[in-house]
Amino acid sequence: MAKRVYQVWKGSNKFLFGGRLIFGPDAKSLVVTLLLILVPVVLFCTLVARKLIDEIPDGGFAILVVAIVFTIHVLVLLLCTSARDPGIMPRNSHPPEEDFCYESSASAEAGGRQTPSLQFPRTKEVMVNGYPVKVKYCDTCMLYRPPRCSHCSICNNCVERFDHHCPWVGQCIGMRNYRYFFLFVSSSTILCIFVFAMSALHIKFLFNDKGTVWKAMRESPISVVLMAYCFISLWFVGGLSGFHLYLIGTNQTTYENFRYRADNRVNAYDLGCLKNFLEVFCTKIKPSRNDFHAYVREDPPRPLPPRMVPTVEEEEADDNGGDRRAKVEDDLEIGDDILKISQRRNFEDEEIRSRGSESLPRNSSEVELGLSSDPQQLAGIRSETRHSSWGRRSGNLEISPEVLAGNSTVTENRNHNTRKEEHQ
């Protein structure tokens, strides 16, 4: 049965509803975030806003409605931030072949031969708004990351316009969910301010009735708790909202701000404050590059990588150097055999000379060679011997059968002459 993309996805993401919702590996932290939002709002609606309806007959009910609607708005933004594709780059099944190059390098193991080595550039340089920007190669996703793209070590994905990985939403913040993330943080800030203000208003009404602040606080302790909680939360979500307002105005990401702050490099993405805000809030969000609900498509068979055509010198090197050691050993063995034959022939010549040259039936040159007086036979053997030297290739001595036959004839004639001398 064919599998869907989310079932074979190599990242650390978690999927729901057949890949239609995608979360980060730490999606459980969403439960904590939901509790931090819902518990204070439920307490406010049941214990504070309900009493404000009696205190403000004309507008008390509107306070309750605003609290509920705005809370739903915050939860929807949280879902849009954490349950959508942040801009994940699709993985490649193999490195880009057009970026491979082969270079010859000497290899000691190959006996000094020139062997091809694979070269792969780790960075590339692209132009962004007239400024050179380096893009890096990702070994995990096997692709060159687009500008402002980075690999998240938690989700194990390359994310376009990577800002940071937020543990509170359990998702990477990137190109496709940064707008919702900022709206979520800023809306949470407004919700905290609203709950804090309405709780303080309830304390004021009680102060008017009881006469003292202490009595008013004892009458509604939940209002005091909500005020303290919202005051502490404002330091976090309010500060985060202000920081991201600065990043949007300068067209930076959190990753770029922390990583390249000390480099004092020119920001190639800064288009001016107004255009930077329009880019974040008014441009159309690009569709996802991945269809996690779709079925997996089998990749077509890859063509074999181009093979290097060997040159004539390399072919000769293969012929001469492929079995070089064996050929050298053969040459040494043949040299030893020739040396032994030469020593034995010199010994026999000295023995013949010691018996006297006057008893020889033929001249000394014929006796030394042990040949008959037939000049054709002598010329043939010499010619074959010369051809045998021509047959030597790459240090090998190849002796033809005719020469071997001639050699046996020489040996027989030499033995015959020796026996004849003994009889005389």
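The structure under discussion appears in the preceding block.
Within every chain, residues take consecutive numbers counted from 1 along the sequence as written. The predicted nature of this model means local features are confined to residues of pLDDT at least 70 and side-chain atom pairs, given and counted, to a pLDDT of 80 or more, with totals for whole chains, interfaces and linings taken over all residues. Side-chain numbers here rest on the full set of heavy atoms in the structure, without hydrogens or water.

Trainee: Requested: an account of the overall build of the protein chain, with residues and values cited.
Mentor: Each helix is a run of DSSP H or I of at least 4 residues and each strand a run of E of at least 2, with the numbering of both proceeding from the N terminus. Scanning the protein chain from N- to C-terminus turns up twelve helices and eleven strands. Any residue under 20% of the maximum accessible area for its type is buried, any over 50% is exposed, and the rest in between are partly exposed; the area is computed with a 1.4 Å probe on protein chains only. Buried residues in the protein chain amount to 32% of all 424 residues. What makes two residues a contact is simply this: any of their non-hydrogen atoms within 4.5 Å. By sequence separation, contacts in the protein chain at least 24 residues apart represent 61% of the contacts at least 6 residues apart. Surface accessibility follows the Shrake-Rupley procedure with a 1.4 Å probe radius. Residue values consider only the protein chains on display as shielding. When the accessible surface of the protein chain is totalled, it reaches about 26,800 Å², and 59% of it is carbon and sulfur.

Trainee: Can you tell me about the pairing of strand β5 (residues 123-128), naming the residues and giving the values?
Mentor: Whether two strands pair depends on DSSP finding at least two bridges between them. Note: β5 against strand β6 (residues 131-138), six bridges, orientation antiparallel. Within β6, the position partnered with K124 by the bridge is V135.

Trainee: Which residues make up the packing of aromatic side chains, and what values do they have?
Mentor: A pair of aromatic rings is counted whenever rings of Phe, Tyr or Trp (Trp by its six-membered ring) have centres within 6.5 Å, and the orientation is called stacked for planes under 30 degrees apart, edge-to-face for over 60 and tilted otherwise. According to the stated counting rule, one finds ten aromatic pairs in the structure shown. Between the aromatic rings of F231 and W235, the centroid separation amounts to 6.2 Å while the plane-to-plane angle is 85 degrees, which identifies the pairing as edge-to-face. Residue F231 and its partner W235 are located together in helix α5 (residues 221-250), separated by four residues, close to a single helical turn. The exposure class of W235 is exposed, given its relative accessible area of 63%. Three or more aromatic residues joined by ring pairs make a cluster, and in this case those are Y6, W9, F15 and F292. Taking the ring centre of Y295 as reference, the NZ or CZ of R4 above it sits at 4.1 Å. Criterion for a charge above a ring: Lys NZ or Arg CZ within 6 Å of the ring centre, and within 35 degrees of the ring normal.

Trainee: With reference to specific residues and values, describe the sheet that holds β5.
Mentor: Overall, antiparallel pairing links the three strands, which are arranged β5-β6-β7 in an open sheet. At either margin of the open sheet sits one strand with a lone partner, and together these are β5 and β7 (143-144). Of the strand pairs in this sheet, β6 and β7 are connected by two bridges, and their pairing is antiparallel. Of the residues in β7, the one forming a bridge with C138 is L143.

Trainee: Tell me about the pattern of salt bridges, and please be specific about residues and values.
Mentor: Definition used for salt bridges: Asp or Glu carboxyl oxygen within 4 Å of a side-chain nitrogen of Lys or Arg. This structure, assessed with the given rule, holds four salt bridges. A salt bridge links R122 to D139, with the shortest nitrogen-to-oxygen separation between them at 2.6 Å. In this pair, R122 sits in the loop between β4 (114-119) and β5 while D139 sits in the loop between β6 and β7, placing the two residues 17 residues apart along the sequence. According to the relative accessible area criterion, R122 is partly exposed, its value standing at 41%. What makes D139 exposed here is its relative accessible area of 52%. Note that R148 is salt-bridged to E256, the shortest N-O span being 2.9 Å.

Read these as layout, nothing more, since geometry by itself doesn't imply function.
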